[in-house]
Amino acid sequence: MIDAVLVMNTQGKPRLAKFYKSLSPVKQQEIVRKVYSGLSSRAEHFCNFVEADEIFGARTKLVYKHFATLYFVFVIDSGESELGILDLIQVFVETLDSIFKNVCELDIVFNFNKVNTVLDEIVMGGQVVETNSTEIVKSVQEIFK
Amino acid sequence: MEQLKTIGRELAMGSQGVWGSSKEFLELVKTIGEAKSKAEEERIVLAEIESLKRRIQEPDVPRKKMKEYIMRLVYVEMLGHDASFGYIHAVKMTHDDNLLLKRSGYLAVTLFLNEDHDLIILIINTIQKDLKSDNYLVCCAALTAVCRLINEETIPAVLPQIVELLNHQKELVRKKAVMALHRFFQRSPSTVSHLFPAFQERLCDRDPSVMSAVLCALYDMILVNVKPFKHLVASLVSILKQAVEHRLPKSYDYHRTPAPFVQIKLLKILALLGTGDKAASENMFNVLGDILKRSDSTSNIGNAILYECVRTLTSIYTNPRLLQNAAEITAKFLKSDNHNLKYMGIDALGRLIKITPECAENHQLAVIDCLEDPDDTLKRKTLDLLYKMTKANNVEVIVERMVEYIRNISDNHYKTEISSRVIELAERYAPSNQWFIQTMNQVFEIAGDLVPQKVAHDLMRLIAEGAGEEDEDADSHLRSSAVQAYLQILKEPKLPSILLQVISWVLGEYGIADGSHSAEFIIGKLCDIVATRPGDDKLKGYVVSAITKICAFEKAAGQTVDLIPECVSFIEELYASHSTDLQQRIYEFHAVLKLDRDTIASILPMDASCEDIEVDKDLSFLNSFVESALANGSRPYLSDNERRGMGAMTTLASNNDAGTSSLLRFQPYEKPSIPEPAAALVTASHYSQDAIDQHDIYSKSSSNDGTRLKLEGVQKKWGRPTYTPEAQVPKNPINISDSVKVSSSAAGKEASSRNSSAPPYTERKQPSQEISAEKKKLAASLFGSKAGETKAKPAAKLQQNGTSKKAPAKPTSPPAPAPAPPPADLLDLSDSLPQIPSVDPVDQLADLISVDSSAATSTTSLVEQVLDAGKVATKGPSPQASLQKDSVSRQVGVTPSGGTNPDLFKDLFG
């Protein structure tokens, strides 16, 4: 399952933080910090997985993708496919892109509500519900009609 | 995402205000973004919170405005600040009729509240209502909220509605209902266990997206228990086949790959179902082969499917042909330039070698590449693989790599994990002791206090035991090389405490063994060790014991030891230590130094840490002594419980006799006194029971005297006397009297020979007197009954000696602490004299201390004393406990000598 979805910028500022497990706000902040420090030191060509046992418990991994000023990070356990999640991040970003037309960091900050809605259409309760970008856009537009 | 590359200019564009939010929010984000320091950001956010607090409470805030406030609260909270004052407004917003506002309310609530939050109860009603809404979007919003907000207790409140939604006409709602139920399953499986059939029915939903939602749930359910789902193999295989053959709607394609996410989930499920199930696995071979053939290895998602397929193949019943294909794919992954694929390749290889270990050889180079890659994730994964591949023939290389790795990381979590693996591998495959010791030293040096204490003890044991064979030369070579290595290591700054403990022990035990280092030199080194860690009491304990041993060895060898000034000041300091353990050790140290050469040699023989100490728990060698004591009118032994009871009594009743009689009444549950035991002497093993049985009798027959009273008082003072320590008590006195003084390191044999041969008789009197003081009674009652017994215990000769003297010896004798012993023989006595009493309090003291985990060493000294006590009695069965602890306990190496510290025992003697 997916334990958390985080979007943060390259300065470590969270732009979206969604946890699918109950965690105290303090713990959430700590996780954001640790994830950031884990990612910020990694070179571009390194693999997109980081083992996160220490941050999130045994057998969890961070799967992340770096776009311009943003890191998109999914925290997963062994029930998810690492490579599959990479493509899911791609789906997420493509969807944001078609909703915001050339999405940028500020879009995500100001349209917090909408970004969350997009994510809710993709991931629900820690499980992937939809992977087709067009479908997602359709449901989101339905909601914001 | 080329477009995203432009995001960099994010804040520069911020002022355009095209996002439909208010200027203020925009300003806020902008100023926070431009904040130069954390403190400045903090200030801005706090100001924002203040203003929100004020405004949100104004009456009649327009709903649109309120929505914005709430979003700002969400933002503030995401930055790590408390926005709890606004939670209630978010809750209210979920009641709104407007879908967008309602959704915003739900969103804020799901972000703010945990499932156990008090406010949840205010939302349940709304959720229930929304689940029944005609607007499917409202339903969806409620279902999303349900996933986050419903806990075990509230599940029943919404479950019926959600089950109903499984048949909703909109596939989106059905899908989300499945997800919500899945969530319930994770929270509390029993609440939805009756819904398994409904789940399976949804597997055949006319819309594939609902089916794929069910797969998520199935995976988790199968993970918990495979059995009830075995029959699904055929249907799942056929679904997978349809997906692979492109028969699902086009909308499920992703980059021209047919329904990849469905395929991956199905492969994961099949891996679970096929594990160890040949029939099920055979059903799958076809479709798996198909996937391997069709999947596109040029796209990321294609490789995701291929990897999953390899994973499934290595989980289910093996098919050699397909495994061959899997190996080829793995090879392709490993050869790829893409780090992600390399990572997956290493993982896949780790799975493959479990089935076909030889396949690793083909990829040696690729694996080495990954190991040397700067990418930490890849490196760590490769170390994982190596760990799985370790055999006796490659352990040295692999361990070297691991050690090198932990040397270069600072992350304690992985340091701990990997060093524990190194230790495990080293223990399992070590080619030689030499190598093992070196490796352990490295681990200690690097990972230091992250290493469990046990490992240090194992290492000391190994050094002490050597190869465990006859080859003494090799062993002593091993030891001197260990000493050499440690002296070298000591030059490094900042060594971890645990390593210093090992070093102290080894230096103490073997520092001067090969003659290449002088005692002064080693003692100097030991003092240096202490100086590096002034506050470490445990380490000091190790060092004191080591110094004691070295001095003892020197004296035993006929040399005089001149303590260097550092050492003297170190020791002086310890007399005033707050740690009773350290004080104890230092008094022991002094007592040992005062002994004569032979005694020392038997107390602390060279290189005796591995000798087995045989402990005669039953103290059979005392039988004769006891018999004679009883014959001379001593009171029989009373068990602890008995004495404790009496203590209570005596405090109540001033009359001792009254105390005893009431004592009987107070212990109605005890076995009725069996008269025969008096006759029954018996094998040693009966002692304890006998003691219990008999003491009743004896307590009746014998009147309490002053001694006993005092004894009880003492007992109380020192803490709960448990049966076991007490049992040892009688050993000690005798122990001492018989064997003079036995140190922990004294070989059992030696001690035994002494006992049986009944050494210097002159000594005997005095010890016996002391004994009689407090413990005679115990001993007597223990053994007294047996006096008449058929089985004369081994120490028949002793019996005579002991009896005559002991019986009369009353409490009068003991208190005299005779620290200044003129004649050699007497000297022993005098030392042993105070010793006797000392045992008791020390035991108890140790009991007290040992509660504290940090006082492990003190426990050791307790153990040691016990061992000491037991050592005398070689003939009896040796209790395993003492054997196990032998090497460890030996560190302390000295019997407690109370001689110098009479106050400690004043209470005992009254």
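Residues numbered from 1 in each chain as written. Chains lettered and ligands numbered in written order. Predicted model: local features only at pLDDT ≥ 70, side-chain atom pairs only at ≥ 80, totals over all residues. Heavy atoms only, no water.

As recorded in an unreviewed UniProt entry, chain B goes by the name AP-4 complex subunit epsilon, listed as coming from Selaginella moellendorffii. According to UniProt, the comment filed for chain B under the heading Subcellular location (unreviewed entry) is "Endomembrane system". In its Subunit (unreviewed entry) section, the UniProt entry covering chain B states "Adaptor protein complex 4 (AP-4) is a heterotetramer composed of two large adaptins, a medium adaptin and a small adaptin." (UniProt positions renumbered as here; feature names shortened; annotations may be inferred.)

The name an unreviewed UniProt entry gives chain A is AP complex subunit sigma, with Selaginella moellendorffii as the organism. Taken from UniProt, the Sequence similarities (unreviewed entry) comment for chain A reads in full: "Belongs to the adaptor complexes small subunit family."

Colleague: Could you give an account of the overall build of chain A, naming the residues involved and the relevant values?
Modeller: Looking only at helices and strands, chain A features six helices and seven strands. Of the regular secondary structure in chain A, the N- to C-terminal order runs β-β-α-β-α-β-β-α-α-α-β-β-α. Across the 145 residues of chain A, 72% fall into the buried class. Taking the contacts inside chain A whose residues are at least 6 apart along the sequence as the reference set, 50% of them involve residues at least 24 apart. Carbon and sulfur atoms make up 50% of the accessible area of chain A, which totals about 4300 Å². (Helix = DSSP H or I, 4+ residues; strand = E, 2+ residues; numbered from the N terminus. Buried < 20%, exposed > 50% of the residue type's maximum accessible area, 1.4 Å probe, protein only. Contact = heavy atoms within 4.5 Å. Areas by Shrake-Rupley, 256 points an atom, 1.4 Å probe, with all protein chains shown as cover.)

Colleague: I'd like to hear about the packing of helix H26 (residues 497–510) of chain B against helix H28 (residues 537–556) of chain B, residue by residue, with values.
Modeller: All names here are of chain B. Across the interface, H26 lies against H28 with an axial gap of 8 Å and an inter-helix angle of 10°. Considered as vectors, H26 and H28 are oriented roughly parallel to each other. Packed against H26, whose contacting residues are Ser497, Leu500, Gln501, Ser504, Trp505, Leu507, Gly508 and Glu509, the element H28 presents Lys538, Leu539, Tyr542, Val543, Ala546, Lys549, Ile550 and Phe553 at the interface. Here the contact of H26 with H28 is composed, by residue class, of nine nonpolar, four polar and three charged. (Axes fitted to C-alpha atoms, helices over the stretch in contact; angles between N-to-C directions. Parallel < 35°, antiparallel > 145°, perpendicular 65-115°, else oblique. Nonpolar A, V, L, I, M, F, W, Y, C, P; charged D, E, K, R; others polar.)

Colleague: For the interface of chain B and chain A, give the residues involved together with the corresponding values.
Modeller: On the chain A side, the residues contacting the 82 residues of chain B number 72 residues. Of the roughly 6700 Å² buried at the junction of chain B and chain A (both faces included), carbon and sulfur atoms supply 58%. Between Arg42 of chain A and Asp375 of chain B there is a salt bridge, with the nearest N and O atoms lying 2.8 Å from each other. At eight residues, the largest contribution of residues to the side of chain B that touches chain A is made by helix H9 (residues 171–187) of chain B. Of the residues assigned to the side of chain B that touches chain A, the class counts are 40 nonpolar, 19 polar and 23 charged. (Buried area = accessible area lost by both parts, 1.4 Å probe. Salt bridge = Lys/Arg side-chain N within 4 Å of Asp/Glu carboxyl O.)

Colleague: Let's hear about the packing of aromatic side chains: which residues, and what values?
Modeller: This structure, assessed with the given rule, holds 13 aromatic pairs over all chains. Taking the centre distance of 5.4 Å and the plane angle of 90° together, the rings of Phe110 of chain A and Phe25 of chain B count as edge-to-face. With Phe110 of chain A in helix H4 (residues 105–110) and Phe25 of chain B in helix H1 (residues 23–34), this residue pair bridges two chains. For the pair Phe110 of chain A and Phe25 of chain B, a shared accessibility class is recorded, and that class is buried. Taking 5.9 Å as the distance between ring centres and 65° as the angle between the ring planes, the aromatic pair formed by Tyr254 of chain B and Phe261 of chain B counts as edge-to-face. Accessibility classification places Tyr254 of chain B together with Phe261 of chain B in one group, the buried group. Counting every residue linked through ring pairs, the aromatic cluster contains Phe67, Phe72 and Phe92 of chain A. (Phe/Tyr/Trp six-rings, centres within 6.5 Å; stacked < 30°, edge-to-face > 60°.)

Colleague: Tell me about helix H6 (residues 133–143) of chain A, and name the residues and values.
Modeller: If you check which residues of H6 of chain A are buried, you get Ser133, Ile136, Val137, Ser139, Val140 and Ile143 of chain A. Relative to the axis of H6 of chain A, the buried residues are bounded by an arc of 165° and lie together on one face. Summarising the geometry of H6 of chain A, the exposed residues directed more than 90 degrees from the buried face are Thr134 and Lys138 of chain A. Check the buried side of H6 of chain A and you find it contacts helix H3 (82–100) and helix H5 (112–122) of chain A together with helix H5 (99–112), helix H7 (136–149) and H9 of chain B. Sitting at the head of H6 of chain A, Asn132 of chain A places a side-chain oxygen 2.8 Å from the backbone nitrogen of Thr134 of chain A. (Arc of directions from axis to C-beta. Polar contact = N/O pair within 3.5 Å; in protein donor to acceptor, adjacent residues only side chain to side chain.)

Colleague: Can you explain the pattern of salt bridges? Please cite residues and give values.
Modeller: Pairing of side chains with opposite charge becomes possible as their charged atoms draw close. By the definition in use, this model includes 37 salt bridges over all chains. Close ionic contact of Glu80 of chain A with Lys265 of chain B constitutes a salt bridge, the shortest N to O distance being 3.6 Å. Of this pair, Glu80 of chain A sits in the loop between strand S5 (70–76) and H3 while Lys265 of chain B sits in helix H14 (residues 260–274), which puts the two residues in different chains. Judged by its relative accessible area of 7%, Glu80 of chain A is buried. On the basis of relative accessible area, Lys265 of chain B is assigned to the buried category, the value being 9%. Residue Asp536 of chain B pairs with Arg533 of chain B through a salt bridge whose shortest N-O separation is 3.9 Å. Residue classification places Arg533 of chain B among the partly exposed positions, given a relative accessible area of 27%.

Colleague: Requested: an account of the pairing of strand S4 (residues 61–67) of chain A, with residues and values cited.
Modeller: Residues and elements named next belong to chain A. Among the seven residues in S4, five count as buried, and that is most of the element. Direction of pairing for strand S3 (residues 49–51) relative to S4: antiparallel, over a ladder of three bridges. Among the inter-strand pairings, Phe49 is bridged to a residue of S4, identified as Val63. In terms of strand pairing, S4 meets S5 through seven bridges, oriented antiparallel. Across the sheet, Tyr64 pairs through a bridge with Val73, a residue of S5. (Pairing = 2+ DSSP bridges.)

Colleague: Lay out the confidence of the model for chain A with the relevant residues and their values.
Modeller: Taken as a whole, chain A shows an average pLDDT of 91; of its residues, 100% reach a score of 70 or greater. Here helix H2 (residues 53–56) of chain A stands out as the element of chain A with the lowest mean pLDDT, 85, in contrast to S5 of chain A, whose mean of 95 is the highest. (pLDDT = per-residue confidence, 0-100.)

Colleague: So what's going on with unusual backbone geometry? Which residues, and what values?
Modeller: Keep in mind that most residues, glycine aside, have a negative phi and that most peptide bonds are trans. You will see that Asn102 of chain A, though not glycine, has its phi angle at about 60°, which is positive. You can see Asn102 of chain A is positioned in the loop between H3 and H4. Residues other than glycine seldom take positive phi values, yet His246 of chain B does so here, at roughly 65°. Counting through the fold element by element, His246 of chain B comes out in the loop between helix H13 (233–244) and H14. Residue classification places His246 of chain B among the partly exposed residues on the basis of a relative accessible area of 37%.

Colleague: Describe the nonpolar core, naming the residues involved and giving the relevant values.
Modeller: Counting residues in each nonpolar core, the largest one holds 291 residues, and the members touching the most others are Phe92 of chain A together with Leu236 and Tyr486 of chain B. Residue contributions to this core peak at 12 residues, all from H7 of chain B. Each of domain 1 (318–389) and domain 2 (455–603) of chain B contributes no fewer than three residues to this core. The contacts of Phe92 of chain A, once residues within four sequence positions are left out, are Val7, Leu16, Phe72, Phe74, Val115, Val118, Leu119 and Ile122 of chain A. Among the nonpolar cores identified, the runner-up in size contains six residues, and Leu619, Phe625, Val626 and Leu630 of chain B belong to it. (Core = buried A, V, L, I, M, F, W, Y, C linked by side-chain atoms within 4.5 Å. Domains from an automatic or database assignment.)

Colleague: Give me the lowdown on the environment of Gly274 of chain B, citing residues and values where you can.
Modeller: Residue and element names in this part refer to chain B. Mapped onto the secondary structure, Gly274 falls in helix H14. Relative accessible area serves as the criterion here: at 0%, Gly274 is assigned to the buried category. Remark: the alpha-carbon pair of Gly274 and Val233, spanning 41 residues in sequence, is separated by 8.4 Å. Not counting residues within four places of it along the chain, the set of residues in contact with Gly274 comprises Ala280, Ser281, Met284, Ile316 and Tyr317.

Colleague: Break down the packing of helix H29 (residues 565–575) of chain B against helix H30 (residues 580–594) of chain B for me, with residues and values.
Modeller: All names here are of chain B. Orientation of H29 relative to H30, taken along the N-to-C sense of each, is 125°, at an axis distance of 8 Å. Of the possible angle classes, the one that applies to H29 and H30 is oblique. Considering the relative orientation of H29 and H30, their crossing is left-handed. Only Leu582, Gln583, Ile586, Tyr587, Phe589 and His590 of H30 make contact with H29, whose side of the interface consists of Ile571, Leu574 and Tyr575. Partitioned by chemical class, the residues of the contact of H29 with H30 number seven nonpolar, two polar and no charged. (Left-handed = near helix turned anticlockwise from the far one by under 90°.)

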